[in-house]
Structures are given as C-alpha cells and as structure tokens.
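# Summary of structural features
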Amino acid sequence: MNFRSIFIFIIALQGQLAWSQDSISLAVKNREHFNPIRNFYHELDRNPAIEGFSRTYSRSELGGLISRQKNTFQLQQLGEGIDQFGVSAQSFYRLDTVASVWGTADYRNGTRKKVQWNESADYDKIYPFVTADSVGGDLSMEIYGFTGGYAFKRGKYRFGVTAAFTALMEYRAVDPRPKNISSDLNLSLGASRSMTQSYRLAVDFSVEKYTQTNEIAFFSELGNPALYHMSGLGNFNNLLYGTRKKALYEGWGYGAGLQWYNEKEPSWFFQMRWKNFKLEKSIADGQPFVSSTIKENDFNFSAGKIYQMDNHTWAIQLGYQNKLRKGIENILSNGPLSSMLIIGAVENYNDLQQKFLMEGLFAIKQQNGDWGFVPFVARNTNVEKHLLTKSEMSISDWTYGLKTTWSKTMRNNAVWYVFPSISYRKVDKAANHLVAIAGQKQINQMLQQNFQQLATTRFQAELKTRYDFKLKQNLDVFCEASVNYQSYKSAQSSYFQTALGITF
C-alpha cells in the first residue's frame, strides 16, 4: 500500500468516527482543545500515557490549507521560503472511561525556493554533512505524515503508546537534479502511577529510525558543477570533492523522559527529557563506505506552578535546554573509490546550543470565552566550531515576547478565536572567527552572509484568527488565517496561511 492509499484510508476513518462521537457541544470541545492553561504545559503530553488522558471530550478535525512564505534572511541552505498546499486530519476519541485513541494524517505538496549550498533533505537533521554545489535552485517537495496513539488505565497505572512516521521526497527538474527520499519513524512508550491523591509520576521511552537517500544527476552536455560533501563552517572533504553523486544517511535515536504533575487540577509540574541521536553518512558510488558520523545529545527540563482562584489563573514556568552536536569525519585512504579504506576518525565539528526560558501565564475564564496572556523571556547561546581549521562563530541573544489568546462563543454557538503574538530578539554578543576557505570565494561569501543573518536583531509579529460555525448537528465548519511578519535591520520576511475545514 503506497502513501496516498494510507492517507486516504486514515481520512475515511475520521469520517467513520464523526458519527460515533458524543452529543457534547462542539463549542465546549473546541474550548477544551484551545485551553490556554493546558497548552501552557503541553510538553507533558509527549508522554503518551499522559496525552491519552489530557482531554475529556472526543474531537476530530479535517481541513485543507494554502501557505506562502518569503524569507530572504535565513540560512542559504534553507532557501528563501516555501509555497505549499496540504490537507490534514486529526482525531482524539475516548473509547470509554479507561481508554482512548488518537491520530493524525498530513499531506503537503509545495516548492522550497532558491535553496543554495544544500542538495540534501532535512537540513536540521543531517547538518553539517550535506551534499552541496554552487548552483542550487528551487526544490519541489512532497511530504506525508502519520501518527497514532493508544492509552488505557489499570488501577493506579496508566499506559500509552504512540507511533509517528514522516516521509519526504524532494527533487528538481533542471540541473543539478537531486532526488532525496527520507523517512523518519518514532515509537514512544509511556506509563504513569498515582503516587498521592492528586499527583502522578510518569516515565516514557522512545526510539527513532531515520534514513535518507540523496542522489544527484546531471543531464547537460556542457558540463556540471563540482559536488561538495560539506563538513561544517564551509569546510568540505577534499578527497570526496568532485563527482560523488550518491549518499546514504542512516540514523538511530533513543531517549527517556520523567514527569511529575497534578492530575486533579493545575498545580506543580515538572518534566525532564534526554535524547541521544547518531547518524552516519555513507558514500554509495561504487563500494559504499561511511564518510562521517553525527553524535547528538539533547537534554531539557521545565518546571512550574499554576495557581487557580475562581475564574483566574496565574502560572510561571522555568526551562532549560542543552543540545550538543558532534561531527566526526573518517580518515580515508587516498585510493580508488572502489577500494576506499577507513584508517581513522577525528572529531572536527562541534555545535553547542543552550536556552534558558522563563514564561508566565495569566488567564481569565468567562462564561462565553477565554483570555490568555503568556509573557516570556529567553536567553539563547549558540557556539559553532570547526576544530581542525579553528574556525568558529558564536551568537548570544535575549528574546522577549508576549503570546495571547482570546475566544468568544456567540449565541448560535459559533466561536471566534484570535491568537496574536509579538517578540523581539536582541543579539548582544556575536563573534566571527571564520577562517576563509582557500580558493572558494562563493563559500566564503555564503559563510559571511549566514553569519550576518544569524547575528541580526529581529522583530516579529504574528496574528492567527479562526471562526467556527455550526453546519449541522455535531458538524462545524472552520475558517482560519495566519499572518507572520518579521523585520530585520535590512530586510523583511512574511508568511501567510489560510485553511478551511470541518470539526466533528
């Protein structure tokens, strides 16, 4: 069964669930779904044993979207924006008082515009070991995503499992012609136990399997640009420079989480999570061999307290994240490709990202609507190094912002939602010790441009609005629009999305 058949089957399943839902008003279900208090500590829901009991009512949604993004002020490897359309379905269904199921299906088709110095897919997953050339261009893309979960309880215990799968295909119809096919499978198991009358202790474990085939073709008879197998901060493997057109990526990950929370009412909560990820890049022209390896460790935690008094809620949350990515290059024998030997390995790349976050919440619950205000401040630090060449750049910034939510239920059970937000990123430390790559003017220009983009102060404003109205019993129609604007020192970027669908 291909991806399209699976997607159509899941969409059909959503329709079957529609008529088996309870008779609770959809306005009530939507109010629970967009609850600003629950969304404040949504990180807990990464444990399926918690997510399966995070909502009281069954709810499903099916819709389509069109979006357009223009951003000339980000890494060249990510392009200058994405134009796409898609359809998606999501459902949460309470089987009975002790079990629930949920799932999503998502399809996107679009174009990633003006991608430079990157002919591989999933840049954030595989960097710095991308395959690149000096030409680049637009990339057509097609994405399929599926998730499914099941949770149940037995006495003091609750158990849950989720599986998520994403498949991506990217290609270009003119030289250079990459064909990238990737898949990412994640499986998570969780459990929780009641420790007191109100508090539960929960744990979860996850595994991940990632693969990508990256193959580039040239049809022009006038020659083709050289291919680079990049290794970080503009450096590349000289031995593989030229025409090595096929690469394979294979990654494995595993992680664990710990949570402590009050299941009766909002109160103290705590979550801690750790993940290890390893990815190997192999050159597949001729006899395959591993050219480089990524090792990443990601640790984060958050803790907070929610106070509730009548219809007013106050909360505060502190968080920290530390992500360290190491790039290890194999030392290869300088012989024919068919007999390439690995004679050693050295860690040449290091990327450290740290984030401290403080976030507050003030929410008001009214008879026919909700207000929510979430101010936040974050301290971000990123230090990227190429150890062999002693090339380095480091950037630190403060980000301040405010996220708000507002909803209003009308007399006919129609509901307005408005989600405005603003943020300001101020870079206070930016050090550039980038070593120029000999004989590579275009690469050096790319490095300097990327640094300037990362080190620039940014103002961002976003507005999302949604209107739900009743079409028939247990069936609502929603219209949604989102606008995002970012202003930099010398450029602007914008994003617009509109969606239409049904809720049941």
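This text follows the structure it describes.
Residue numbering note: each chain is counted from 1, following its sequence as written. Restriction of local features to residues with pLDDT of at least 70 applies here, the model being predicted, together with a cutoff of 80 or more for giving and counting side-chain atom pairs; totals for whole chains, interfaces and linings are based on all residues. Computation of side-chain values covers all heavy atoms of the structure but excludes hydrogens and water.

## Here's the deal with the pattern of salt bridges
Stated formally: The term salt bridge refers to a pairing of a side-chain nitrogen on Lys or Arg with a carboxyl oxygen on Asp or Glu at a separation within 4 Å. Where helices and strands are cited, they refer to DSSP runs of H or I of at least four residues and of E of at least two residues respectively, numbered from the N terminus. Each residue's exposure class comes from its accessible area (1.4 Å probe, protein chains only) as a fraction of the maximum for that residue type: buried when under 20%, exposed when over 50%, partly exposed otherwise.
Across all of its chains, the model carries 27 salt bridges by this definition. Residue Glu-263 is joined to Arg-200 by a salt bridge in which the shortest nitrogen-to-oxygen separation is 3.4 Å. In this pair, Glu-263 is assigned in the loop between strand 11 (246-262) and strand 12 (268-283) and Arg-200 in strand 8 (residues 199-217), connecting sequence segments 63 residues apart. For Glu-263, a relative accessible area of 27% puts it in the partly exposed group. Among the ionic pairs, Arg-273 bridges to Asp-204, the shortest N-O distance being 2.8 Å. Linking Arg-273 in strand 12 with Asp-204 in strand 8, this pair joins segments that are 69 residues apart in sequence. Judged by relative accessible area, which is 7%, Arg-273 ranks as buried. When salt bridges with common partners are traced through the structure, they connect Arg-59, Glu-61, Lys-464, Arg-466, Asp-468 and Glu-480 into a single cluster.

## Section: the side chain of Asp-397
In plain terms, the rule: Two N or O atoms form a polar contact when they lie within 3.5 Å of each other; inside protein one atom must be a possible hydrogen donor and the other a possible acceptor, and for residues adjacent in sequence the pair counts only when both atoms belong to side chains. The criterion used for residue contact is that any of the two residues' heavy atoms lie within 4.5 Å.
Here Asp-397 lies in strand 17 (residues 391-409). A residue is classified by how much of its surface remains accessible, and Asp-397, at 5% relative accessible area, is buried. There is a polar contact of 2.9 Å between the side chain of Asp-397 and the side chain of Thr-399. Setting aside residues no more than four positions away along its own chain, Asp-397 makes contact with Ala-378, Arg-379, Asn-380, Arg-425, Lys-426, Val-427 and Asp-428.

## Some remarks on helix 2 (residues 26-33)
Every buried residue belonging to helix 2 is among Leu-26, Ala-27, Lys-29, Asn-30 and Glu-32, and all of these are buried. Buried residues along helix 2 sit in contact with strand 1 (59-71), strand 17, strand 18 (415-433), strand 19 (458-472), strand 20 (475-487) and strand 21 (492-503).

## Regarding a nonpolar patch on the surface
Put simply, the rule reads: Patch membership needs two things, relative accessible area over 30% and no salt bridge, and members are linked within 9 Å if like-charged or within 5 Å if nonpolar (Val, Leu, Ile, Met, Phe, Trp, Tyr). Per-residue and other accessible areas were derived by the Shrake-Rupley procedure at a 1.4 Å probe size, with only the shown protein chains allowed to occlude residues.
Residues Trp-398, Tyr-400, Leu-402, Ile-422, Tyr-424, Phe-459 and Tyr-485 make up a contiguous nonpolar surface patch of roughly 630 Å² in combined accessible area. At the level of secondary structure, the elements contributing two or more residues to the nonpolar patch comprise strand 17 and strand 18. Take the nonpolar patch: its biggest share by element is three residues, from strand 17. Mapped onto the secondary structure, Trp-398 falls in strand 17. Taking the relative accessible area as the measure of exposure, Trp-398 reaches 34% and is therefore partly exposed.

## With respect to unusual backbone geometry
In the segment running from Tyr-127 into Pro-128, the intervening peptide bond is cis, with an omega of 5°. Inspection of the secondary structure assignment puts Pro-128 in the loop between helix 5 (123-126) and strand 4 (131-132). Between Asp-175 and Pro-176 the backbone carries a cis peptide bond, its omega angle lying at -15°. With phi around 55°, Trp-117 is a residue other than glycine that occupies positive phi space. Structurally, the position occupied by Trp-117 is in the loop between strand 3 (99-115) and helix 5. Located in the positive-phi region is Lys-390, a residue other than glycine, with phi close to 60°. Checked against the element boundaries, Lys-390 lands in the loop between strand 16 (369-386) and strand 17.

## Some points on helix 6 (residues 441-454)
Note on helix geometry: an α-helix contains 3.6 residues per turn, so any two residues three or four positions apart are oriented the same way. Applicable threshold: The span expected for a helix works out to 1.5 Å for each residue beyond the first.
Between its terminal C-alpha atoms helix 6 stretches 20 Å, which fits the 20 Å expected from 14 residues at 1.5 Å a residue. Looking only at helix 6, the buried set comprises Ile-443, Asn-444, Met-446, Leu-447, Asn-450, Phe-451 and Gln-453. If you follow the buried residues of helix 6, they end up packed against strand 9 (228-232), strand 10 (235-236), strand 17 and strand 18.

## Some points on the environment of Asp-310
Following the sequence through the fold, Asp-310 ends up in the loop between strand 13 (289-309) and strand 14 (312-332). Along the sequence, Asp-310 and Gly-257 sit 53 residues apart, while their C-alpha atoms lie 33 Å from each other.

## What about the sheet that holds strand 10?
Pairing between sheet strands relies on hydrogen bonds along the backbone, with the strands arranged either parallel or antiparallel. Applied cut-off: Any two strands with at least two DSSP bridges between them are considered paired.
The sheet built from three strands is open, its strands ordered 4-9-10 with antiparallel pairing. Looking along the sheet, the strands with just one partner apiece sit at the ends: strand 4 and strand 10. Bridge analysis of strand 4 against strand 9 gives two bridges, and the strand direction is antiparallel. The residue of strand 9 that forms the bridge with Thr-131 is His-229.

## Side note on the environment of Glu-280
As for its placement among the helices and strands, Glu-280 is situated in strand 12. Judged by relative accessible area, Glu-280 falls into the partly exposed class, the value being 23%. The spatial distance from the C-alpha of Glu-280 to the C-alpha of Phe-270 is 34 Å, given a sequence separation of 10 residues. Non-local contacts of Glu-280, meaning those with residues more than four positions away in its chain, are made with Leu-248, Tyr-249, Glu-250, Trp-252, Val-290, Ser-292 and Thr-293.

## Description of the pairing of strand 3
By the bridge criterion, 13 bridges tie strand 2 (residues 82-94) to strand 3 in an arrangement that is antiparallel. Bridging from a neighbouring strand, Tyr-93 pairs with Val-101 of strand 3. Hairpin remark: strand 2 followed by strand 3, antiparallel, with four residues in the connecting loop. Note that strand 3 and strand 5 (residues 137-154) share 15 bridges and pair antiparallel. Its bridge partner lying in strand 5, Arg-108 is registered against Ile-143.

## Things to note about the nonpolar core
Going by this rule: What we call a nonpolar core is a set of buried Ala, Val, Leu, Ile, Met, Phe, Trp, Tyr and Cys residues that are connected through their side-chain atoms within 4.5 Å.
Core analysis: the largest hydrophobic core is formed by 28 residues, its most contacted members being Met-230, Leu-279 and Ile-443. Counting only elements with at least two residues in this core, the list comes to helix 5, strand 9, strand 11, strand 12, strand 17 and helix 6. Top element by residues in this core is helix 6. It accounts for four residues. Among residues more than four places away in sequence, those in contact with Ile-443 are Trp-117, Tyr-228, Met-230, Gly-234, Phe-236 and Ile-437.

## Focus on the environment of Gln-492
Position of Gln-492 among the secondary structure elements: in strand 21. On the basis of relative accessible area, Gln-492 is assigned to the partly exposed category, the value being 46%. Each C-alpha atom of the pair Gln-492 and Thr-72 lies 7.7 Å from the other, and the pair is 420 residues apart in sequence. Each residue touching Gln-492, except ones within four places of it in the same chain, is listed here: Thr-72, Tyr-485, Gln-486 and Ser-487.

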